[in-house]
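Architecture and fold: a report
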Amino acid sequence: MDYDPDNLFRDDEEDPEGEFFQERESSKEFVVYLIDARPEMLAQDAGKSESHFHAANRCITESLKTLIINRDYDEVAICFFNTKEKKNMQDLDSVYVFNVPEREELDRPTARLIKEFSHIEEKFLTKIGSRNGIIPMTRENSLYNAIWVSQGLLRRGSSKNVDKRILLFTNEDDPFRHVDGATKSDMIRTTLQRAKDVQDLSISIELFPMCRPGTEFNTYKFYAELLGLEGEELSEFLPLAAEKIEDMVDQLKKRIFKKRVIRRMAFLIHDDMWIELNSYALIRPTSPGVITWLDSVSNTQLKSERSFICADTGTLLQEPMERFHLHKNEIVRFSLEELSEVKRISSVPLFLLGFKPTDCLKDYHNLKPSTFLYPSDEEIDGSTCIFVALYRAMLKYQRFALAFFGSSTHPQLVALVAQDDMIRNGVQLEPPGMHMIYLPYCNDIRSIEELQNHDSDTIPRATDDQIEKAMAVMKKLDLKEFSISQFANPALQRHYALLQVLALGDDVDELPEINDETLPDEEGMRRPGVVNALEGFKAAVYGENHDAEEAALEATKSGGEASKKRKAETAVKEAANYNWDDLAESGKLKDLTMPELKNYLAAHNLPVTGKKDALISRILTHLGK
Amino acid sequence: MARNREALVFLLDVSPSMHNLLPDVSKLCHMIIERKFFDNKSDEVAVVLFGTQDTNNELEKEVGGYEHVVVVRAIKVIADDIFEVLSDLPRGTTPGDFLDAIVVGMDLLIKKFGPTNKGKKRLCLVTNAQHPIKEPDEGTKDDQIDALCEQLKAHGMKLECIVARGKFTGVADKRIVNENDYLLSRFSGKGIARTVFVEDRASLLGAIQTRTVSPVTIFRGDLELSNVMKIKVWVYKKSVVERFPTLKKYSDKAPPNSKFSTHEVKVDFEYKSKDNPNNIVPPEQRIRGYRYGPQVVPISSAELEALKFKPEKGIKLLGFTNASNIRRHQYMRDTYVFIPEPGNRKAILAVSTMARAMKNANKVSILRCVWRQGQGNVVVGVLTPNLSSSDNIPDSFYFNILPFAEDVREFHFPSFNKLPLSRQPNEKQQGAADNLVKMLDLVPSGKGEALRPEVTPNPVLEKSRDFNELLRELKGACKEECLKPFWEHVMSEGITLISKKESFDSDVSEEDAKDFLVKDEMLQ
C-alpha cells in the first residue's frame, strides 16, 4: 500500500513519521444501530424542525460516513424497532432490519446503504411504519424482540478479536409504562434477562438517550438495570439533559466511536514513583485514505514488489540489512541494530524533568499534533490519584510539566499541559487531562526574524493612534463563537463526494458543488461599518494616498516591461543576422552559443529556458523541421 | 563546487580566564565541523585564536599591531587536519582582544573572497569578553565598531558572538565586562550580528546552529484583510524537524576492494496482478483506486485532476477571535512565521500595528491560506502576534495550522471531580503535589530558564556524531591489524562508560566508570 503520491492533502513536506498519523487498529467492530421508531420519536415539536428520529438518523449517517472511509473493515447493521412491518431472521414482530441489495444484514457499510439510509425518513411511514410495540393486553414486547434480533445479527465472529456493540437510540425512559400488574413485572424480568444473556456473550449494550428540552431522561426508571450501570458510570449519563437538540446530537456523536487507546505508557515522576497513563489521539489529520493500485484494463488489484539491485554489479540482492554513510570518502557502515542503538536515548517512555510557567511555552514550540493523556489504574494502582493531584497543582500554579518522551523513532522533549474540564450547556467541550505537546530542539527552530538586515532607524513601530484604528477593525470582524471544528475540509469533502458518486455509478456531472466554508464572509466584509473601519486602518498605516503610490510603483514596474520590449526588439535584430533555415539544414545550430540561440527564441516569443538541446529542438520544431 | 558552500571563521578566545572552558569550546567546534562533513562537505573553515602568547597573522605583518592573534588554520575546505587543530587548542597567556580578532577574521574573508559569496560568510566569536579592548589609534571604540559594521555589511558577512557568562565568569572587572557588553550590543544593534549569552554547558553546545539552512519562503504576497486592505508579507517555516541524516543501503555484493565500488543499492518497484504474478503491469496501465467501503473506486489521474478541489492562491483573513477560543494543543503542525516584506516600510508598520492591537486586546486572527497556485487543499490556522524586543527587528506573526472538523475526534472523559473519593487525592497528597510543582521549577527566579528548546540540542543528532568519531578512530587503530594501539588509544583518551553524572539515563555509577578505565598493566 502506498501513501498518496500526489501529496494531494499535504502541502510542502512529506509526513515526518507516516506511522504517527496512521492509527494502528488491532481489532474490528461489529455494531448494531438499534433505533426506536415509536410515533414519539418521529414527532416534531412545534417550531423545532427536527425530530429525535431525524437526529438519530443524522448521527448514524455521519458516523457511517466516517466508518466507510477510515475503518471500512468494521461491520454494521441497522435495525428499527416499534415498527408496523417486520423484517428479521427470527420473524419477530415490530422489528425491521434495514438493508440494501448486495449486502448482508451485518456487513461493511456501502455507499448505497448510506445514501438510502440518509433518505429513509421520507418513505419511512409508508414503507416501514411506526407504532408503539408494547401495548397492554397483548404479551408483545418489542424491546425484547429488538434485543433478540440484534443478538442474532451479532452471532458471527469470536468475541476475542471483534468488539460487538448494540447502540440503542430511544427517547423513552420507561418502555413499559403502558402495561401494569403481573404482565409488566413479567415483561421487565424477561427483557432484563435477555439483555443479561446478550452481555454474557460479550456484546455491550450502549444507550443513547434522547429527550425534549425541559424533560429529563430518567435512566433509573429502567435502563440503569438493563445496562448494569452502577454509581460512577451512571453519573456519566446524567448531563445529557441538553438545552438544544444540536447539543444533544453533538453529545451522541462523541459516544458513537469507542475511545481507542493509542498506547499505554508509564510516566516516571520521581525516583521510583511511576504512574500509568493511556494516550489518545484526539486530533489527527484525516487523509483521503490509502491508495490501492489497479490494472486499468481489468480493474483488478495489483501488488507491488520491491527488488534490490546492486548498483555496481547489477546482482539481485536480498533486502540489505546494512546502511552506510559516506564520511570523508570513507564508507561507514551501520547495521540496523546499531542504528536503533544510536537513536535510543532512554528506555523510559516518559519521565518528568520539572515544571515551567505556561508562558514559557511559545507559539512556535510545536511540530505535530498533540496527544491526550488520561490516567489509568489498570496496572499501577493509585495512578489516577497522583495524576489528579499533579493536574490540580499545575492548574493552580499555571505551570506545565516538561518531560522527556523516549519514543524509539524520535525521542524528544514534551510539554504536558493540564486541560481543565470545560462544559458548556451540558456538553463537554474539552475533556480533563493533559495534552502532550511535542517540543522542538534548537536544531528545529529557525531564527527567521533575524534573517533580514535592518538598521534600527528604519523600523517603524505603530503609534497608539494607529493601534486604535486596528482595534476598531478587530471589533468589527470578531468571530465570537469561533471553534476549531466549525470548518469541514473542502478538499476532503470534495474527494469523498467524488468517491461516493463514482461508487454509486452515478454520472460525475452530478457531483454536488462543495460549499467551501473556509472562504471569508464576503458579504459581511462589504458592510459599511466594516469597510469604514478597514479604510480607517488603511489610511492610518499606509497614508491617504496609498493607492496612488502603489499605482505609481506599478508604473515603474511596467517601465520594466518597456525594457523587456526593447530587449525583444534587439533580439529580432540580432536573430536576423543568421540564416536559420540554412543552419538547421546543415546541423550547425549546435555550433551557436546559448545567447545566440536565445535571440531566435525571444524574437519568436518562444520560451528561452532549458538546456541547449532543448533550445535547438524548440527552434527546429518552430522551423517545421 | 557546491553553490551553497559557506565560509566560516572561528574566533576563539584562549586567554587564561577561558582555559577551563576550552574543552567545551573545542567540542562545540567539533560538532559544527562534524555536521558540515555530513551536509556541506565543501564548506571552508578557518580557525583564529586570540589571547595567545605568539602572534601570527598577515595584518600584523602588513600594518603592525594585532598582537597575540594567531591564524592557526587559513580558510580552506574542511579536512581531517582541522580536528587536530581543534583538539589541541593552546592555552594562551595574554588577555584577549576580541575586536582585533574580528578584524583579522574579516581580513581573512575579504582577502579570500572579496565582495563575492555574499551572505555565506560567517564569523563565529567565542569569548567571555572579560578583558579590556585597546583604545583605537584614532577615533573612539564606537567609531571603530561602526566602521567594522559598514565593512561587514558591504561584504555580506555575519557575526555570531557567543559570550560565556554566569558561572563561567570568574573574577572579572565589572566595569570592563559592562563596556564589552555595550560594544557587542553595538554590533547587534546594526543588525548584522547575533549575540548569545550562555551560562551552562548545554546551552553553550546549543548556542550555534550547527547546520546552516538557507530558508526559503513558502509564500510571498498579500495578507488580505479584505479587498481594500492588504499587507505585503513573506512566509517562512519557523520550526521544522531536523532529521537524522539519511543513510544509504549498503550492497555487500560490490567488489570489496575496488576503488570504484559505490556500494549503493538500487530499488526497483514492479506492479504485478494478483491473479497472475508473471504479468507485470506497466506504469501507464496502472490506475489509482480508493477504498470506499467494500468497493475500490478507480480514479484516473486526469479525472482526479479535473474534479479535485482547486482553490485560488492567497491568504485571506476570516476574522479575529479571543485568544482563549484557541487552545494550545489544537496546533496541528510545525509553525510558520509571517514577516513584513523586507524593506517595505508600510508593510512593516501595518504588521506592527496589527500585531500590537492583537496583543493589547488579547485577540488572535483566523486565516485561510493557499500557499501556491494549483495546491489541492487549503489550511485554516491561527495568527498570533510576535512583538519584537529588539530595535532592529520588525514585529511579526506566528502562524499555526488548526484542525478541520474531520480531524477532531471528540471523546467524552469523566470529569475528575466526579471520581469516587478513593481515587481522588486527599489534602496531604495534594499538598505534596503542590510542593513538587513548586520545587521542580525549571525557571527559578533570578536565573535563566533551564532546558529552553531554543538552546537544547537534539541528543540523537549529537550522539550520532560522537558515535562516528569513535568509529573512525576504531578504524584507524584496526588498520594496523593489531588491537594494542586501539587499547592504548582507549587508555590515553580515558574512554570509559558514561556515568550517571554525565547523562541522566545511565545506570553506571561514577566509581564503576572509573574502574572501567584501561590500566597500563593490562596492555602488557
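Fair warning: this is a prediction, and the values are worked out from it, not measured in the lab.

**Things to note about the side chain of asparagine 180 of chain B**
Counting through the fold element by element, asparagine 180 of chain B comes out in helix α6 (residues 174-189). Once residues within four sequence positions are removed from consideration, asparagine 180 of chain B is found in contact with Phe98, Ala129, Gln130, His131 and Ile133 of chain B.

**Considering the packing of aromatic side chains**
Under the criterion given, the structure shown has 31 aromatic pairs over all chains. Judged by centre distance (6.4 Å) and plane angle (50°), the rings of tyrosine 280 of chain A and phenylalanine 372 of chain A are tilted. Residue tyrosine 280 of chain A is located in strand β7 (residues 273-280), and its partner phenylalanine 372 of chain A is located in strand β14 (residues 371-375); the two are separated by 92 residues in the primary sequence. We note that tyrosine 280 of chain A, like phenylalanine 372 of chain A, is buried. Consider the rings of tryptophan 293 of chain A and tyrosine 271 of chain B, whose centres lie 6.0 Å apart with planes at 65°: the pair is edge-to-face. Taken together, the residues tryptophan 293 of chain A in strand β8 (residues 291-295) and tyrosine 271 of chain B in strand β10 (residues 265-273) connect one chain to another. An identical accessibility class is assigned to tryptophan 293 of chain A and tyrosine 271 of chain B; each is buried. Chaining the aromatic ring pairs together yields one cluster made of Tyr280, Phe372, Tyr374, Phe387 and Tyr391 of chain A together with Phe413 and Phe416 of chain B. Taking NZ or CZ as reference, arginine 220 of chain B lies 3.7 Å from the ring centre of tryptophan 234 of chain B, over its face. Sitting over the ring of tryptophan 293 of chain A, arginine 286 of chain B keeps its end group 4.5 Å from the ring centre.

**Examining the UniProt feature "domain: SAP" (unreviewed entry) in chain A**
The feature "domain: SAP" (unreviewed entry), as annotated in UniProt, sits at residues 589-623 of chain A in this numbering. In residues 589-623 of chain A, the share of helix is 63% and the share of strand is 0%. The end C-alpha atoms are 12 Å apart.

**What to know about the interface of chain B and chain A**
Often, the extent of an interface is quoted as the loss of accessible area upon association of its parts. Listed as interface residues are 198 residues of chain B and, on the opposing side, 197 residues of chain A. The contact between chain B and chain A buries some 19600 Å² in all, and 60% of this surface belongs to carbon and sulfur atoms. By the criterion of area lost to chain A, the three top residues of chain B are Tyr292, Phe413 and Phe416 of chain B, representing 5% of everything that side buries. Our count for the contact surface shared by chain B and chain A stands at seven salt bridges. Put simply, arginine 327 of chain B and glutamate 430 of chain A hold a salt bridge, and the shortest N to O gap is 3.1 Å. Counting residues per element, the side of chain B that touches chain A draws most heavily on helix α9 (residues 345-361) of chain B, at 14 residues. With five bridges joining them, β8 of chain A and strand β11 (residues 286-292) of chain B adopt antiparallel strand pairing. Looking at the pairing, isoleucine 291 of chain A lines up with tyrosine 290 of chain B of β11 of chain B.

**Thoughts on the pairing of β7 of chain A**
Residue and element names in this part refer to chain A. Taken across its eight residues, β7 has six buried, putting it largely inside the fold. As paired elements, strand β6 (residues 263-270) and β7 share seven bridges and run antiparallel to each other. Residue methionine 265 lies in a different strand from β7, and its bridge partner there is leucine 277. In textbook terms, the turn of a hairpin is the stretch between consecutive antiparallel strands, and for β6 and β7 this stretch comprises two residues, one of which, aspartate 271, has a positive phi near 30°.

**Quick word on the packing of helix α3 (residues 52-70) of chain A against helix α5 (residues 120-127) of chain A**
Residues and elements named next belong to chain A. In the contact formed by α3 and α5, the axes pass within 11 Å of each other and the chain directions differ by 125°. By the angle class used here, α3 and α5 are oblique. Classified by chirality, the crossing of α5 by α3 is right-handed. Contact with α3, carried on its side by Phe53, His54 and Asn57, involves Ile120, Glu121 and Phe124 of α5 and no other residues of that element. Taken together, the residues of the contact of α3 with α5 break down into three nonpolar, two polar and one charged.

**So, helix α12 (residues 383-397) of chain A**
Spanning 15 residues, α12 of chain A covers 21 Å between terminal C-alpha atoms, matching the ideal 21 Å at 1.5 Å per step. Ser383, Thr384, Cys385, Phe387, Val388, Ala389, Leu390, Tyr391, Ala393 and Met394 of chain A are the residues of α12 of chain A that are buried.

**Remarks on the environment of phenylalanine 404 of chain A**
Residues and elements named next belong to chain A. Of note, phenylalanine 404 is situated in strand β15 (residues 399-405). Take phenylalanine 404: its relative accessible area is 3%, and that puts it in the buried class. On a C-alpha basis, the gap between phenylalanine 404 and isoleucine 459 in space is 40 Å, while along the polypeptide they are 55 residues apart.

**Considering the nonpolar core**
By size, the foremost hydrophobic cluster in this structure holds 80 residues, and its most contacted members are Leu350 of chain A together with Ile231, Phe338, Met354, Trp371 and Phe399 of chain B. Per-element accounting of this core gives the leading share, eight residues, to α9 of chain B. With residues near it in sequence (within four places) discarded, phenylalanine 338 of chain B still touches Val233, Trp234, Val235, Ile315, Leu367, Cys369, Trp371, Leu383, Ser396, Phe397 and Phe399 of chain B. Core analysis: the second largest hydrophobic core is formed by 50 residues, Ala56, Ile291, Tyr496 and Leu499 of chain A among them.

**So, the packing of α12 of chain A against helix α10 (residues 427-439) of chain B**
Contact geometry for α12 of chain A and α10 of chain B: axes closest at 8 Å, N-to-C directions at 55°. Between α12 of chain A and α10 of chain B, the angle is such that the two are oblique. Between α12 of chain A and α10 of chain B lies a crossing of right-handed hand. Contact residues: α12 of chain A offers Cys385, Val388, Ala389, Leu390, Arg392, Ala393, Met394, Lys396 and Tyr397 of chain A, while α10 of chain B offers Gln429, Gln430, Ala433, Asp434, Leu436, Val437 and Lys438 of chain B.

**Digging into the sheet that holds strand β6 (residues 193-198) of chain B**
All names here are of chain B. Judged by pairing direction, the sheet is mixed, and its six strands sit side by side in the order β3-β2-β1-β4-β5-β6 without closing on themselves. Every other strand in the sheet has two partners, leaving β3 (69-77) and β6 as the edge strands with one partner each. Each strand of the sheet is rotated relative to its neighbour by a mean of 15°, with strand direction disregarded. The pairing of strand β1 (residues 7-13) with strand β2 (residues 44-50) spans seven bridges and is parallel. Each residue of the ladder has a partner; that of leucine 12, found in β2, is leucine 49. Set on the sheet, helix α4 (residues 98-113) makes contact with β1, β2, β3, β4 (121-127) and β5 (157-164); between it and β3 the angle comes to about 30°.

**Quick notes on the sheet that holds β11 of chain B**
The sheet built from three strands is open, its strands ordered β8(A)-β11(B)-β12(B) with antiparallel pairing. Both edges of this open sheet fall to β8 of chain A together with β12 (295-299) of chain B, since each of them pairs with a single strand only. Averaged over all adjacent pairs, the angle separating strand axes in this sheet is 45°, with direction ignored. Relative to the sheet, helix α14 (residues 490-503) of chain A contacts β11 and β12 of chain B, its axis offset from that of β12 of chain B by approximately 105°.

About the thresholds
- Residues numbered from 1 in each chain as written.
- Chains lettered and ligands numbered in written order.
- Predicted model: local features only at pLDDT ≥ 70, side-chain atom pairs only at ≥ 80, totals over all residues.
- Heavy atoms only, no water.
- Helix = DSSP H or I, 4+ residues; strand = E, 2+ residues; numbered from the N terminus.
- Contact = heavy atoms within 4.5 Å.
- Phe/Tyr/Trp six-rings, centres within 6.5 Å; stacked < 30°, edge-to-face > 60°.
- Buried < 20%, exposed > 50% of the residue type's maximum accessible area, 1.4 Å probe, protein only.
- Lys NZ or Arg CZ within 6 Å of the ring centre and 35° of its normal.
- UniProt positions renumbered as here; feature names shortened; annotations may be inferred.
- Buried area = accessible area lost by both parts, 1.4 Å probe.
- Salt bridge = Lys/Arg side-chain N within 4 Å of Asp/Glu carboxyl O.
- Pairing = 2+ DSSP bridges.
- Axes fitted to C-alpha atoms, helices over the stretch in contact; angles between N-to-C directions.
- Parallel < 35°, antiparallel > 145°, perpendicular 65-115°, else oblique.
- Left-handed = near helix turned anticlockwise from the far one by under 90°.
- Nonpolar A, V, L, I, M, F, W, Y, C, P; charged D, E, K, R; others polar.
- Expected span 1.5 Å × (residues − 1).
- Core = buried A, V, L, I, M, F, W, Y, C linked by side-chain atoms within 4.5 Å.

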